[in-house]
Amino acid sequence: MNQDLLALTHTADEYDKYLNAVVPPVFMNSLHVYDRFEDYCNVDVYKDDQFVYGRSSNPTVHILERKIAELEHGSRAVAFSSGMAACTAAIMATCKAGSHIVCMRDVYQPVKRFLHTVGIPRLNFSVTYVSGNDLDEIEAAIQDNTALMILESPATFVFRVVDLKAISEIAKRHGVITYIDNTCMTPLFQKPLELGIDISMHTMSKYIGGHSDIIGGVLVSKNEELMRKIMSEMREWFGGVLGPMEGWLCIRGLRTLDARLKRHQEIAMAIAEFLEKSDKVKRVNYTGLASHPQADIIRRQQQGHTSLMSVELDASPDKAVEFIDNLKLFGKGCSWGGFESLALCPLYKASQEELDFLGTDRGLIRLYCGLEGEENLLEDLETALKKL
Ligand SMILES: *Cc1c(COP(=O)(O)O)cnc(C)c1O
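As the structure is a prediction and not an experimental result, all values here were calculated from the model. Numbering of residues starts from 1 in each chain and follows the order in which that chain's sequence is written. At least 70 in pLDDT is required for a residue's local features to be given in this predicted model, at least 80 for side-chain atom pairs to be given and counted, and no such filter applies to totals for whole chains, interfaces and linings, which use all residues. Side-chain numbers come from the whole structure's heavy atoms, not from hydrogens or water.

### Comments concerning the packing of aromatic side chains
No. 1: When two rings of Phe, Tyr or Trp (its six-membered ring) have centres within 6.5 Å they constitute a pair, described as stacked for plane angles under 30 degrees, edge-to-face for angles over 60, and tilted for the intermediate range. Under the criterion given, the structure shown has five aromatic pairs.
No. 2: The rings of Y207, W336 and Y368 are connected pair by pair, giving a single aromatic cluster.
No. 3: Lysine NZ or arginine CZ positioned within 6 Å of the ring centre and within 35 degrees of the ring normal marks a charge as sitting over the ring. Stacked on the ring of Y46, the Lys or Arg R76 has its end atom at 4.9 Å from the ring centre.
No. 4: One residue, K112, lies across the ring of Y129, its end atom 5.5 Å from the ring centre.

Here you go:
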């Protein structure tokens, strides 16, 4: 049995509860009331089917949480109003004033901005950045007060991966909690909790929502004590709850996730192979290519590939901008995970230090392959390459 596909389609289906409707309702209520005061007092909102107020939990959102927990092989998932709300909740739940964090250098940029504008100046956090590829460097970065390790694999820009099992073993030896942004893999293509990672995060604004129409995030873990804390302290006190309508749209997104991802992957593979063969392209960074320098780790820990990749042209950074502007089917925009293809030069204004670390230049092009089909996207790329 493929439990993942059953989780996407049927987990938490309880038709008899909802008048045999095949789709659960959007519970557009903030309040739940009880006949007896004692019943109200005995509610434990962490448990299934116990609700008091929308800032603690919502029945529609909880159906989504049950599906995500099952997909990721966690014991509990907690949904948030955005990916960043989920990420900062994980940081605040695991760190306290004076904590030290080991963070991969190429994690999602706003996470670093949070650490540098809030964590370090206001909460006295300290942060050591590591590449993530050198296990000795990671172990050496751990201090007595290290509370958290922030990971992302594959990481944005050049799509480097890190060995999640090996890193989680090091972290466990030192009592450090590990966190990963698993957004671009989705729970179908990578299961970090099975590799020993403590907390997995998904921005549901991307593949899970899948249609560029919602913002949402989710945390999932096998550690019940931690999830209880994340739910009752971080979500309830900061108040970043996912709305019921967004929760419902994410449930709908999950139903087609497997079908969409397989198409995204197929299209991305065709594009990556085409670009890799072009004499106008210097390098294609894509986890699906045999030429990826870490193909062995990828084979061990991923069950599939994102439709994000980056491309280095054999041309100046300004030519790269001209190239993406010549693409008609790739919108110039920063998000991804929807049906529409995108292109950007995300490092166009990056510092030399950052470029040196990534081993690339300002002209790096990030492509997100949507669902317009290989034929159309390849034609668009070919036309723009000819104009170079
Ligand atoms: C978009 C994104 C986020 C942030 O998610 P929001 O829902 O916009 O807060 C985090 N990580 C990755 C990898 C993303 O692409």
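### A short note on the environment of E38
No. 1: With respect to the helices and strands, the residue E38 is situated in helix α2 (residues 37-41).
No. 2: Given the relative accessible area of 46%, E38 is considered partly exposed.
No. 3: Spatially, the C-alpha atom of E38 lies 58 Å from that of L347, the residues being 309 residues apart in sequence. What counts as a helix is a DSSP run of H or I of at least four residues, what counts as a strand is a run of E of at least two, and both are numbered from the N terminus. Categorising residues by exposure relies on relative accessible area from a 1.4 Å probe, with only protein chains included: less than 20% of the type maximum marks a residue as buried, more than 50% marks it as exposed, and the intermediate range marks it as partly exposed.

### Description of the domain arrangement of the chain
Interface size is commonly expressed as the accessible surface area that is lost when the partners come together.
No. 1: The domain architecture assigned to the chain consists of domain 1 (3-255) and domain 2 (257-386).
No. 2: Relative placement of domain 1 and domain 2: their C-alpha centres are 27 Å apart.
No. 3: Only heavy atoms enter the contact rule, under which two residues are in contact if any of them lie within 4.5 Å. With 39 residues of domain 1 at the contact, the number on the domain 2 side is 39 residues.
No. 4: Simply put, the buried area is the total loss of 1.4 Å probe accessible area from both parts when two parts are fitted together. When the area that domain 1 buries against domain 2 is broken down by residue, the three leading residues are F159, F189 and Y207, summing to 27%. In this entry, domain limits derive from an automatic or database-based domain assignment.

### Here's the deal with the sheet that holds strand β4 (residues 146-152)
No. 1: With respect to topology, seven strands assemble into an open sheet ordered β1-β7-β6-β5-β4-β2-β3, the strand pairing being mixed. Pairing within the sheet leaves two strands with one partner each, and these edge strands are β1 (76-80) and β3 (126-130). Direction aside, neighbouring strands of the sheet carry axes that sit 20° apart on average.
No. 2: Think of it this way: DSSP has to see at least two bridges between two strands before they count as a pair. Where strand β5 (residues 177-181) lies against strand β6 (residues 199-203), three bridges are found, and the strand directions are parallel. Pairing of I180 across the sheet is with S200, part of β6.
No. 3: Under this scheme, a helix contributes an axis fitted over its contacting stretch, all axes are lines through C-alpha atoms, and angles between N-to-C directions fall in the 0 to 180 degree range. Set on the sheet, helix α3 (residues 59-72) makes contact with β1, β6 and β7 (217-221); between it and β1 the angle comes to about 130°.
No. 4: Docked against the sheet, helix α7 (residues 164-173) engages β4 and β5, running at close to 175° with respect to β4.

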